[in-house]
Amino acid sequence: MAARNSEVLDVFLKVAADSRVSWRAVELAGRGISADAAGVVWVTSKGKHSLGGEDLSDLLMKQGELVDSLSEVWRSFDSGELSGADFEDQLETVVLGLEEWIPQALR
């Protein structure tokens, strides 16, 4: 059975492996991977059963916006449009959003 990759995991692994980023960015990538994994587990084990279709859809759309932001931040950094410090700041914002994603669903 092949492992299924995700856009989030792909970007965070690129961040963690890139020699241009700081150790803080590598830490943030690790936190992002953990937050994403927790989100997948929550959706499959509880979210599908505890939320109505519209509420779950809204929640997944918010997650999709975070994924889009992550991809854009990485693309901007990788292409040289974003400095390392700005990349780290924006990466932290995305990771914090992913970490808050499940608690928002439980409100």
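Description of the structure in this document. (Residues numbered from 1 in each chain as written. Predicted model: local features only at pLDDT ≥ 70, side-chain atom pairs only at ≥ 80, totals over all residues. Heavy atoms only, no water.)

## Topic: the packing of aromatic side chains
Argument step 1. What the rule picks out here adds up to three aromatic pairs.
Argument step 2. An angle of 25° between the planes, with centres 4.4 Å apart, marks the rings of phenylalanine 77 and phenylalanine 87 as stacked. Here phenylalanine 87 lies in helix H4 (residues 84-105) and phenylalanine 77 lies in helix H3 (residues 53-78), a separation of 10 residues in the sequence.
Argument step 3. Here phenylalanine 77 falls in the buried class, since its relative accessible area comes to 7%. (Phe/Tyr/Trp six-rings, centres within 6.5 Å; stacked < 30°, edge-to-face > 60°. Helix = DSSP H or I, 4+ residues; strand = E, 2+ residues; numbered from the N terminus. Buried < 20%, exposed > 50% of the residue type's maximum accessible area, 1.4 Å probe, protein only.)

## Looking at H3
Argument step 1. Taking 1.5 Å of rise per residue, 26 residues should cover 38 Å, and H3 covers 37 Å from first to last C-alpha, within 8% of that figure.
Argument step 2. Every buried residue of H3 is accounted for by Leu56, Leu59, Gln63, Leu66, Val67, Leu70, Ser71, Val73, Trp74, Ser76 and Phe77.
Argument step 3. At the exit of H3 stands glycine 80, carrying a positive phi of roughly 90°. (Expected span 1.5 Å × (residues − 1).)

Scope: geometric values only; no functional claims are made or implied.
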